[in-house]
Amino acid sequence: MALDFSVRLSPFVMLPFGSETTELFSVGGGAVVNAEIDQWSILSAGPEFAFALSTLDGPSSTVQFYFGGLSLSAFYYPVSRLYLRAGASFGVYQSVWEDVSQGDLYWR
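My aim in this report is to walk through the structure given alongside it, one point at a time. This one's a predicted model, so the numbers in the text were calculated from it and none came from an experiment. Counting of residues starts from 1 at the beginning of each chain's written sequence and follows it residue by residue. A pLDDT threshold of at least 70 governs which residues receive local features in this predicted model, and a stricter bar of 80 or more applies before side-chain atom pairs are shown or counted, although totals over entire chains, interfaces and linings include all residues. Note: side-chain values were computed over all heavy atoms of the structure, leaving out hydrogens and water.

### Brief notes about the overall build of the protein
Next up, step 1: When helices and strands are tallied, the protein shows 1 helix and 6 strands.
Next up, step 2: We count a stretch as a helix when DSSP gives it H or I for four or more residues in a row; a strand needs E for two or more, and each element gets its number in order from the N terminus. For the protein, the α and β elements follow one another from N to C terminus as β-α-β-β-β-β-β.
Next up, step 3: For this measure, only C-alpha atoms enter the radius of gyration; the expected value for a globule follows 2.2 Å times N^0.38, where N is the number of residues. In terms of C-alpha radius of gyration, the protein reaches 17 Å, well past the compact-globule figure of 13 Å for 108 residues.
Next up, step 4: Expressed as lengths along the three principal axes of its C-alpha atoms, the size of the protein is roughly 55 × 25 × 20 Å.

What follows is the structure, encoded as C-alpha cells:
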C-alpha cells in the first residue's frame, strides 16, 4: 500500500446573499490550501488553511478571515486522468475588521 501526498490550492469567490448581508458586504474572495495524504486510492485526509478578504460596502475597509482545520474527502477515478471528489472540512476561523477580532468554529 503506497501513500500519496498532495497539495491543492483552491481559489473561491464569496457572494453576499440576503438583505442584511448585501447591505454590508460586497463580493470577496480567497483561497484554500489543502495538504493531504491519500490512502487506499479512495480516501484523503489532512490539514487545510485558508485566507479570505471581503470589502465592506459602508465604510472603506475590509474584513479578513483566517481559517485552519482538517479536511476529509473521498475520491474516485471513473476514467484515466479524471477524478470525482467529495469532501468535508471543519476547524476554527478568525475574522479581523479594523480593531475588532472574532473567532468561532466553521464547517463546509
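### Here's the deal with the side chain of Ser44
Next up, step 1: Looking at the element boundaries, Ser44 is found in strand 3 (residues 43–56).
Next up, step 2: The buried label applies to any residue whose accessible area, calculated with a 1.4 Å probe on protein chains only, is under 20% of its type's maximum; exposed applies above 50%, and partly exposed to all values in between. Residue Ser44 is classed as buried on the basis of its relative accessible area of 1%.
Next up, step 3: Polar side-chain contacts of Ser44 include one of 2.9 Å to the side chain of Arg85. A 3.5 Å cut-off defines polar contacts: any pair of N or O atoms within that distance qualifies, except that in protein one atom must be a possible hydrogen donor and the other a possible acceptor, and neighbouring residues in sequence count only when both atoms are side-chain atoms.

### Quick word on the environment of Pro78
Next up, step 1: Locating Pro78 in the fold gives a position in strand 4 (residues 62–79).
Next up, step 2: Pro78 sits 46 residues away from Val32 along the chain, and the two C-alpha atoms are 25 Å apart.
Next up, step 3: For this analysis, residues touch if any pair of their heavy atoms sits within 4.5 Å. Apart from residues no more than four positions distant in its own chain, Pro78 is found in contact with Tyr83 and Leu84.

### With respect to the pairing of strand 5 (residues 82–97)
Next up, step 1: In short, DSSP must find at least two bridges between two strands for them to pair. Across 15 bridges, strand 4 lies against strand 5 in antiparallel orientation. Each bridged residue has a counterpart across the sheet, and for Val63 the counterpart in strand 5 is Trp97.
Next up, step 2: Once strand 4 ends, the chain turns through 2 residues before running back antiparallel as strand 5, passing Arg81 with a positive phi of about 70°.

### Examining the sheet that holds strand 1 (residues 4–14)
Next up, step 1: Pairing is antiparallel across the open sheet formed by 6 strands, whose spatial order is 1-2-3-4-5-6. The open sheet has two edge strands, strand 1 and strand 6 (100–107), and neither has a second partner. Geometrically, the sheet is characterised by an average inter-axis angle of 20° between neighbouring strands, direction not taken into account. Lines are fitted to the C-alpha atoms to define the axes, a helix being fitted only along its stretch in contact, and any angle between axes, read from their N-to-C directions, falls within 0 to 180 degrees.

### Topic: the nonpolar core
Next up, step 1: If you look at the biggest cluster of nonpolar residues, it comprises 6 residues: Ala52, Leu56, Val63, Phe65, Tyr93 and Tyr106.
Next up, step 2: Looking at this core, the elements that each hand over two or more residues are strand 3 and strand 4.
Next up, step 3: When near neighbours in sequence (up to four residues on either side) are disregarded, Tyr106 contacts Glu48, Phe67, Gly68, Gly69, Ser89, Phe90, Gly91, Val92 and Tyr93. To qualify as a nonpolar core, a set must consist of buried Ala, Val, Leu, Ile, Met, Phe, Trp, Tyr and Cys residues joined through side-chain atoms within 4.5 Å.

### Re the pattern of salt bridges
Working definition: two side chains of opposite charge can pair if their charged atoms are close together.
Next up, step 1: Salt bridge, as used here: a side-chain nitrogen of Lys or Arg that lies within 4 Å of a carboxyl oxygen of Asp or Glu. One pass over the structure, following the stated rule, counts 3 salt bridges.
Next up, step 2: Linking Glu36 and Arg85 is a salt bridge whose minimum nitrogen-to-oxygen distance equals 3.2 Å. Within this pair, whereas Glu36 is found in strand 2 (residues 25–39), its partner Arg85 is found in strand 5, the two being separated by 49 residues in sequence.
Next up, step 3: The buried category is assigned to Glu36, whose relative accessible area is 1%.
Next up, step 4: The exposure class assigned to Arg85 is partly exposed, which follows from its relative accessible area of 28%.
Next up, step 5: In this structure, Arg108 and Glu48 form a salt bridge, with 2.9 Å as the shortest nitrogen-oxygen distance. Here the residue Arg108 occupies a position in the segment after strand 6, and Glu48 occupies one in strand 3, the gap between them amounting to 60 residues.
Next up, step 6: With a relative accessible area of 1%, Glu48 lands in the buried category.

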